[in-house]
Structures are given as C-alpha cells and as structure tokens.
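# Understanding the architecture of this molecule
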There are 2 protein chains.
Amino acid sequence: MATIKDIAKMAGVSVTTVSRALNGYSDVNPKTRDRIKKVAEQLNYSPNALARSLVMSKSHTIGLLVSELNRSGAKDMFTYEVMCGINDAASDENYDLILFSTNPVKQEQKSYSQLCRERQVEGVIMQGIKTDDPYLEEVIESNIPCVLVDVELEGDNVGYVSTDNVFGAQMAMRHLINLGHENIAMMNGHNQARVSQRRLEGYVKALEEAGLPVYDHYVAEGDYLEPKAETEAVKLLTDQPEITAIFCASDLMALGVLRAAERLGRKIPEELSVVGYDDIVLAQYAHPPLTTVAQDKYQIGYESARLLTAMLQQKTKKRKVILDNQLIVRGSTAPPK
Amino acid sequence: MATIKDIAKMAGVSVTTVSRALNGYSDVNPKTRDRIKKVAEQLNYSPNALARSLVMSKSHTIGLLVSELNRSGAKDMFTYEVMCGINDAASDENYDLILFSTNPVKQEQKSYSQLCRERQVEGVIMQGIKTDDPYLEEVIESNIPCVLVDVELEGDNVGYVSTDNVFGAQMAMRHLINLGHENIAMMNGHNQARVSQRRLEGYVKALEEAGLPVYDHYVAEGDYLEPKAETEAVKLLTDQPEITAIFCASDLMALGVLRAAERLGRKIPEELSVVGYDDIVLAQYAHPPLTTVAQDKYQIGYESARLLTAMLQQKTKKRKVILDNQLIVRGSTAPPK
DNA sequence: TTGTATGCGTTATCAG
DNA sequence: CTGATAACGCATACAA
C-alpha cells in the first residue's frame with residue numbers, strides 16, 4: 001500500500017508538498033504537482049482515510065442505527081426504502097455510512113453512544129426506535145448530532161423527519177366520510193409509537209369536524225401486527241356490527257382486517273371499507289387493492305441524511321422536516337350500502 | 001473526548017500502562033488496573049477505533065457493496081434480507097459494516113478498490129453484481145478479500161455463496177412433471193446472471209431425465225421484469241397453446257405470467273400451472289398463492305459474512321458455500337386438464 | 001510490573 | 001513555492 005511518503009521519496013519532494021499537491025492547494029508549482037500526480041497514479045495511491053480522519057478529527061462518516069434490522073421488517077419495506085434514501089443522500093454529500101446493528105444482547109455491553117464515539121461518527125440517524133427506548137435518551141444526551149426518523153424530538157443536536165401523520169389520518173377519514181360512512185372504527189398500533197398517537201388525533205379530528213360522535217370502543221389496538229389486527233377486527237365487527245368502515249394505522253394491519261372480513265363473510269368494499277397506511281408493496285397486490293395513505297419512504301431517508309449533514313456543517317438551524325403524504329384510492333373503499 | 005493520555009495523567013501512570021490495563025494484558029498490577037479502569041469509567045472513555053486501526057493496520061471493518069441499493073429492489077426483498085443476514089453475522093464476529101453505494105456516476109471517479117483501500121476495509125461482500133460488471137474484475141484483481149453473492153467465482157482471495165440453482169430448478173420441474181405436465185415452458189431472466197444459466201440447466205436436465213423433449217422456443221427471456229415477463233408469456237402461450245405449465249426464474253416474472261394468463265383467460269392452476277423462484281413476500285399473497293422455490297436469503301447473507309471473516313482470519317481454506325433451497329407448493333400448480 | 005521511545009499515514013504550523 | 005517538525009490516539013519493542 002503506497003503512502004505519501006513513498007510518493008515523496010520517488011518524486012524527490014517532502015511529504016508536505018505531496019499532501020498539498022494532491023489536495024489541490026494553490027501554493028504549489030504546477031510542474032511539481034504534475035510530477036507528484038503522475039507518481040501517485042503510478043503507485044496506485046489511495047489516501048488512507050483513517051489517518052486523515054485521525055488528524056483532522058473528522059471522520060466524514062455517519063452512523064446508521066436501525067433498531068430492527070431483521071427479517072420481521074421484510075414485509076413492510078419501510079426500513080429498506082428509508083435506507084436507500086439515506087444512502088443516496090449520504091453519498092451525494094460525500095459521507096460514508098456505517099451500519100450499527102443493535103442486537104439487544106450487545107446493547108448491554110456497549111451503548112449506542114460508545115459505539116458512535118469509538119467509530120468517531122460525526123452524526124447518527126436513528127430509525128425504528130420506540131419513544132420509550134432507553135437508548136434513545138442516551139444518544140440525545142450524548143450530544144452527538146442525531147436525526148430521528150418518525151420520532152418527534154428537537155434539540156440543539158437533535159432533529160427529526162416525519163410525515164404529517166395527523167393530516168394523513170384526516171385525509172383517510174375525510175375520504176371515508178365523503179363516501180357517506182358514519183360508523184368508522186380505527187385499528188391503531190400501540191402507544192409507544194408517536195405516529196400512532198398522531199394518527200389517532202387525525203381520526204378524532206376528522207370525526208369532530210364532520211360532527212360525528214367519537215367512541216372509545218371504536219378504537220382497537222392491533223400492535224402493527226397482522227394477526228393481532230385480524231382478531232381485534234373480528235371482535236370489533238361482531239360487537240359493533242353497525243361499523244361500515246375501518247381506518248387502519250398500517251397496511252399490514254389493514255391486511256389483517258381484510259382477512260377478518262373474509263372470516264366474517266363481509267365483502268370488501270361493498271360491506272366494509274378499509275383504509276390502510278404506508279402504501280407498502282403488498283397494498284396494491286391485496287384483494288381488493290388497498291386504499292391507503294402513502295408515505296414517500298425513500299424521501300424520508302433522503303431528507304434525514306440531508307438534514308443531518310446540514311446540521312454537521314452548521315448550514316442550518318432547522319431541526320425538523322415534515323413531509324407530505326398522499327391518499328391513494330384503490331379498491332378497498334366504497335360508499336356504505 | 002477523553003484519551004488514554006488523559007487517563008494516564010489522572011491515574012498517575014504512563015499511557016503504555018493504561019493501554020495494557022484496558023486491553024487485558026496480564027503483566028499489570030491488579031491494583032493499578034483497577035485504578036485505571038475506574039478513571040476510564042469516570043472519564044467516560046471510549047477507545048478511538050480510528051487510531052487503533054491505524055496503528056494495528058486492521059480496521060475490523062468490512063465493506064458492503066450493493067450494486068442496486070435503490071427502490072427498484074423494493075418489491076423483491078432479496079437485497080434487504082441478505083443485508084440483514086450479513087449484518088447479524090458481522091456483528092457476531094465483531095466486525096463493523098460500511099456501506100458503499102455504487103451510484104454509477106461516482107464509479108467513474110472512484111473505483112471500488114479505491115473506495116476499499118481508502119476506508120481500509122479488510123474485506124468486501126458484493127451483492128447484485130452482474131457477471132459482466134467491469135468492476136467485478138477490478139476487485140478480484142485488487143487482491144482484497146472478497147465474497148460474492150450468487151456469482152460463482154473462486155480464487156485465493158475470492159469466494160462466493162450461492163444456492164444450488166440447478167437443483168432448485170430441477171425440483172420445480174420434477175414437481176410439474178410429477179403432476180403430469182409434458183409441455184413445460186420456461187421464463188428465464190437474462191444471461192448476464194449466472195443464476196439464469198444454472199436454472200436453465202436444471203430445466204433442461206429435468207426434462208431430459210423425464211425423457212421429455214427440449215424445445216428452444218419454449219424458453220423465453222423475461223429479464224427478471226414483471227411487465228416483460230407478461231408480454232413474453234402472452235407470446236409464448238398464444239404461439240404454443242399446448243403449453244400447460246411455465247417454470248419462471250423469479251417470482252416477479254411469475255407474477256407477470258399470472259397476469260398474462262388472466263389476459264388470455266386461462267385459469268390458474270386449472271388451465272396453466274406456474275412455478276416461481278425466490279419466495280418473495282408477494283408470492284404468498286398472489287392469487288392464487290405461488291408455488292415457488294424458496295431461498296433462505298437471510299442465511300445467504302449470514303453465510304457470506306461468516307465466510308469472509310473466516311477468510312480474513314485465515315481460519316478456512318473453503319471458498320464457497322452452497323445453500324439448499326426448498327420447494328414450496330402453494331396454489332398455482334395442479335395437474336393438467 | 002512499569003515507563004520511554006517510536007511509528008502508523010496524514011494534515012497543519014511555521015520558518016525558510 | 002517548499003520543507004522540517006509536531007500532532008492526532010493508540011499499540012508495541014525494548015529498557016529499566
């Protein structure tokens with residue numbers, strides 16, 4: 001592995017000159033620069049980023065902390081698409097990405113912030129973290145610049161990007177209400193997720209603005225799980241048969257509801273309308289295809305990385321980015337009979 | 001950020017002692033070690049991995065090169081699940097993962113091997129690389145230890161992991177043949193992919209062992225694209241209406257074939273049997289659910305990382321890992337009428 | 001058992 | 001325009 005020292009020797013100059021020549025400083029004779037460049041190429045030289053980072057105390061690396069980088073995320077491509085966005089943005093901004101896996105066993109031994117400090121990452125993007133994750137707090141306090149995906153937290157070194165979940169839910173609900181539905185239930189996730197709370201807000205808000213009553217017993221918790229949503233939906237629909245539509249906080253749960261309807265012999269969308277959330281790939285392949293609120297997952301990732309790099313370079317005071325989302329009407333919704 | 005120097009000062013010892021105490025060397029007085037450890041904790045010390053890597057010339061990092069880390073991979077979760085496996089294995093072996101994005105524009109400026117050398121990765125895992133990718137050759141020649149996913153290439157510093165594609169195709173075909181099919185077509189991918197060639201081999205082999213004729217015009221190229229497969233399947237089935245079954249080299253293409261059948265009014269599986277390959281998430285949600293050859297993508301990733309780390313530590317002479325795959329019979333296959 | 005000195009590859013400071 | 005020299009944080013050969 002050739003170093004600047006080798007180049008210096010071969011070109012008959014000092015390492016200082018080599019460094020400056022290669023880094024495009026202006027105070028070096030064009031001739032010597034050319035010579036040095038030629039030698040560098042000849043030696044197939046690559047600068048050692050480690051050494052550079054060490055002396056500059058800038059690693060140009062950002063850490064990616066994904067709490068559930070495992071197969072369970074496979075159905076719902078959220079994680080993957082966000083990662084793609086992050087990757088592209090990081091690449092555009094010339095940052096490298098290092099992947100921290102947070103296998104729970106290891107978390108015991110080594111904390112997030114330790115991991116970050118060891119690897120000298122300049123900042124972190126955290127994804128899939130629940131609001132009650134103890135490690136969230138840790139990173140926040142560690143004063144390492146940090147961008148959260150879908151966790152609403154702001155601070156000097158902390159920002160987040162999310163979509164407008166209240167509005168998203170409202171859109172879904174308005175669609176249902178405009179169709180003529182009056183008895184609309186909600187299949188929510190669990191309460192540790194901020195987004196659940198937001199979507200519930202939207203649900204309530206839409207009902208209120210339409211002058212419709214809000215019933216606690218119309219709201220079930222599906223924990224973002226397909227089977228759980230299925231059993232909950234069966235309960236909901238047998239206990240309150242007057243329900244003609246269900247708004248779900250995720251597509252996966254909507255799939256569960258679809259299944260419940262099938263078990264109960266209620267036809268979709270004629271006898272029950274279902275709206276999902278996320279627009280996962282499966283949504284358009286469901287039968288019938290799912291009406292849903294789409295989030296641009298790729299853009300969420302992209303903006304996260306952009307926000308972080310901007311923060312790192314103190315280019316912005318902004319600490320949050322809220323993206324729009326969009327209602328996609330497919331075949332799972334119709335007017336009530 | 002505390003360094004060993006700070007600790008040394010505060011504990012009243014030399015940096016050497018600190019280094020050895022913290023790294024568990026035996027030749028240090030238990031008392032001083034305790035004292036040092038306490039100080040380290042007090043200072044919230046984390047070793048600087050960069051500096052360590054520099055001096056040890058071991059980065060304990062492996063590079064992940066994914067040729068198409070983008071949204072197009074979203075339907076087929078292959079990339080994601082493989083990554084999960086890689087991540088877990090790397091974590092188990094205490095290696096960090098750095099993500100190289102290979103946006104084609106940047107490839108011009110900086111080659112793979114340059115990227116690797118800059119970041120001082122000890123080895124690389126490459127995924128989604130086509131056999132004719134010029135950069136493949138580059139990495140091979142660069143003598144950086146490398147593990148390829150689904151590209152059959154072996155060498156001193158090069159290994160690969162793949163599944164037994166010939167056998168997988170054979171299983172699919174035998175299933176069809178046992179069902180009584182005699183006119184079986186194949187929807188293949190493109191020929192730059194080694195796996196396509198292998199699966200074709202299996203297709204031919206199975207026909208031959210059953211004493212069935214092999215027709216060139218029974219094989220179409222769907223390029224692993226759903227719409228392309230659809231149009232190709234329409235052609236196939238209108239030109240040769242005697243075909244009663246199609247074996248597809250990917251589930252995505254099988255989905256396209258399903259669509260083609262629908263357009264042609266041929267019922268699945270009564271009037272046409274379809275077998276896919278991969279067992280992507282969508283497969284079980286298709287109508288009817290797809291019979292397919294499943295690969296354990298997670299394990300592919302896991303084994304890749306294991307192989308690489310073993311190579312890095314010269315723990316093995318093995319350079320390839322072939323995983324089994326498994327036929328999953330669902331609703332898209334039946335005996336011919 | 002502990003400390004001194006040196007080097008890893010790079011950039012930065014400052015003097016020539 | 002160029003070159004010594006120091007420094008980044010750490011590990012290690014060698015000396016004490």
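The name given to chain A in an unreviewed UniProt entry is LacI family transcriptional regulator, with Alteribacter keqinensis as the source organism.

To continue, consider the sheet that holds strand β8 (residues 245-248) of chain A. All names here are of chain A. Here we have six strands laid out as an open sheet, ordered β7-β6-β8-β9-β10-β12, and mixed in their pairing. Each having just a single partner strand, β7 (219-221) and β12 (326-328) make up the two edges of the open sheet. Sheet twist, expressed as the mean angle between neighbouring strand axes with direction ignored, is 20°. Set on the sheet, helix α10 (residues 194-209) makes contact with β6 (184-188), β7, β8 and β9 (273-278); between it and β6 the angle comes to about 175°.

What follows is about the interface of chain B and chain A. Facing the 53 residues of chain B at the interface are 53 residues of chain A. Of the roughly 5100 Å² buried where chain B meets chain A, counting both sides, 56% is carbon and sulfur surface. Broken down residue by residue, the surface that chain B buries against chain A is led by B:Leu50, B:Tyr80 and B:Tyr285, which jointly contribute 15%. Along the contact surface separating chain B from chain A lie two salt bridges. Its salt-bridge partner being B:Asp96, residue A:Arg119 comes within 2.4 Å of it at the nearest N-O pair.

Moving on, we get to the protein's contact with DNA strand C. Taken together, 28 residues are adjacent to DNA strand C, and A:Ile4, A:Ser19, A:Tyr45, B:Thr16 and B:Thr17 come closest. Between DNA strand C and A:Tyr45 there is a distance of 2.6 Å, counted from a phosphate oxygen to a side-chain nitrogen or oxygen. A distance of 2.8 Å separates a phosphate oxygen of DNA strand C from a polar atom in the side chain of A:Arg52. The set of elements that each furnish at least two residues to the surface near DNA strand C consists of α1 (4-11), α2 (15-22) and α4 (49-56) of chain A together with α2 (15-22) and α4 (49-56) of chain B. Of all the elements, α4(A) adds the most residues to the surface near DNA strand C, at four residues. Taken together, the residues of the surface near DNA strand C sort by class into 11 nonpolar, 12 polar and five charged.

It is worth spelling out the relation of the copies chain B and chain A at this point. Note that the two copies of the chain are related through a rotation about an axis and a translation along the same axis. Between the two copies, chain B and chain A, the superposition gives an RMSD of 0.0 Å; the rotation angle is 180° and the shift along the axis is 0.0 Å. Both copies are brought into coincidence by an operation consistent with a two-fold rotation axis. Within chain B, the C-alpha atom positioned nearest to the axis of rotation is that of B:Ile98, 2.2 Å from it. A shared binding surface is used by both copies, with 100% of the interface residues of chain B retained as interface residues in chain A.

So, about the protein's contact with DNA strand D. Residues in contact with DNA strand D amount to 25 residues; listed here are only the nearest, A:Thr17, B:Ile4, B:Tyr25, B:Tyr45 and B:Arg52. Protein-proximal atoms of DNA strand D, defined as those within 4 Å of the protein, fall in sugar or phosphate at a share of 65%. B:Ser19 is positioned such that a nitrogen or oxygen atom in its side chain is 2.9 Å from a phosphate oxygen of DNA strand D. In this structure, B:Ala51 approaches DNA strand D through a main-chain N or O atom, which is 3.5 Å from a base nitrogen. Those elements that provide at least two residues to the surface near DNA strand D are α2 and α4 of chain A together with α1 (4-11), α2 and α4 of chain B.

Cut-offs and rules
Residues numbered from 1 in each chain as written. Chains lettered and ligands numbered in written order. Predicted model: local features only at pLDDT ≥ 70, side-chain atom pairs only at ≥ 80, totals over all residues. Heavy atoms only, no water. Pairing = 2+ DSSP bridges. Helix = DSSP H or I, 4+ residues; strand = E, 2+ residues; numbered from the N terminus. Axes fitted to C-alpha atoms, helices over the stretch in contact; angles between N-to-C directions. Contact = heavy atoms within 4.5 Å. Buried area = accessible area lost by both parts, 1.4 Å probe. Salt bridge = Lys/Arg side-chain N within 4 Å of Asp/Glu carboxyl O. Near = heavy atom within 4 Å. Polar contact = N/O pair within 3.5 Å; in protein donor to acceptor, adjacent residues only side chain to side chain. Nonpolar A, V, L, I, M, F, W, Y, C, P; charged D, E, K, R; others polar. Least-squares fit on C-alpha atoms with pLDDT ≥ 70 in both.

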